Amino acid sequence: MSNNDDLTNQPLSDDPGENLRMENELLRLKLQAELGGQSHSSGNLPPEIENEFLKNIFAFEQNYANAKRIVIYDLLGRPEFIKADDLDNASIGPGLQKVTDLLAAKNIVVHFDDEYDSRTRYQFITEELFEKETDDFSVPGMTINFDYEEFHPNHNKDILNRTTEFMTEWFKQSFGEYSWELANQFILPDRRIMSKKDVIAQMNNIFAAYREFTNEDYFIKEIKFELNENGGMGHAEGGVRYDAVLENGDTVLIQGPFKLYFSLEVEWWSIFYVVFPGFTY
């Protein structure tokens, strides 16, 4: 069979429902044989939706395999635009909307945090993103996504986010293998190395002494970082307090300063050492 239409030109069964089920099964087999993909169905999807889903996968994979790379500005048809420095404040908003609409017409979406103003966004799109390459194909319903922070990392915000994630998981006593804010290895002051797994096991040992943590509060006094050729080092410090509820219902107030030490590897900040009230190695 040369394409997906070969599967649907002739009914596989006189029963429309059975015909669709068999067609889906053939699509899954074809996906595995031709594209090396694995498909699993829980049986909960309506056959019509599963059929459309499988066909979209084929459309994407086949287009991707044959796709050429193209500069985004060329993909958009080389539209005329005015540089950000030459636009007054009143013109930036409409200009941003125009280029955003041009991208949307090609199923391209650019993600920004709310803190970036319209001039920054317009300048990034027209003077940086326009020069980037992408695949010259599209599939209905699928978008190409770009994140501003991938081009201009906000290290302060990343450390803040990892700190918030740590706090949330500590108070919920929910650290696990998917706690990506924790580094794979912790380095202790005496230069001993603990694995992430062992650190989490120690945390769970501590959590086992308490029913829950309540009335939690913390503040972040300082975030600092330094970048180097291998990545970077940083920390977040402040104060924290919370009530630890014992199994008998009594509570113990735990409070004091905290400091989380970070390393930057492969553009990801992770915690490699913790000074935190209630935690001991």
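Residues numbered from 1 in each chain as written. Predicted model: local features only at pLDDT ≥ 70, side-chain atom pairs only at ≥ 80, totals over all residues. Heavy atoms only, no water.

Trainee: Lay out the nonpolar core with the relevant residues and their values.
Mentor: With 34 residues, the main nonpolar core has F166, W170 and F276 as its most contacted residues. Going through the elements one at a time, α7 (155–172), α8 (196–207), β7 (212–228), β8 (231–245), β9 (251–265) and β10 (268–275) are the ones with two or more residues in this core. The next biggest cluster of nonpolar side chains, apart from the first, holds 22 residues, and it includes I72, L75, V99 and L103. (Core = buried A, V, L, I, M, F, W, Y, C linked by side-chain atoms within 4.5 Å. Buried < 20%, exposed > 50% of the residue type's maximum accessible area, 1.4 Å probe, protein only. Helix = DSSP H or I, 4+ residues; strand = E, 2+ residues; numbered from the N terminus.)

Trainee: Report on a nonpolar patch on the surface, specifying residues and quantitative values.
Mentor: Taken together, the side chains of Y178, W180 and W268 define a hydrophobic patch exposed on the protein surface, amounting to about 410 Å² of accessible area. Tracing the sequence through the fold places W180 in the loop between α7 and β5 (185–187). (Patch = residues over 30% accessible without salt bridge, like charges linked within 9 Å, V, L, I, M, F, W, Y side chains within 5 Å. Areas by Shrake-Rupley, 256 points an atom, 1.4 Å probe, with all protein chains shown as cover. Salt bridge = Lys/Arg side-chain N within 4 Å of Asp/Glu carboxyl O.)

Trainee: Explain the confidence of the model for the protein to me, using residue names and the numbers behind them.
Mentor: Scored by pLDDT, the protein comes out at a mean of 88, with 86% of its residues at no less than 70. Every residue in residues 1–8 scores below 50 in pLDDT, and together they form 16 contacts with partners more than four places removed in sequence or on other chains. (pLDDT = per-residue confidence, 0-100. Contact = heavy atoms within 4.5 Å.)

Trainee: Give me the lowdown on the packing of helix α4 (residues 89–105) against helix α5 (residues 118–127), citing residues and values where you can.
Mentor: The interhelical angle for the contact between α4 and α5, taken along N-to-C directions, is 45°, at an axis separation of 9 Å. Looking at the two axes, α4 sits oblique to α5. For the pair α4 and α5, the crossing hand works out as left-handed. Only S118, R119, R121, Y122, I125 and T126 of α5 make contact with α4, whose side of the interface consists of N89, I92, G95, L96, V99, T100 and L103. Counted by class, the contact of α4 with α5 contains six nonpolar, five polar and two charged residues. (Axes fitted to C-alpha atoms, helices over the stretch in contact; angles between N-to-C directions. Parallel < 35°, antiparallel > 145°, perpendicular 65-115°, else oblique. Left-handed = near helix turned anticlockwise from the far one by under 90°. Nonpolar A, V, L, I, M, F, W, Y, C, P; charged D, E, K, R; others polar.)

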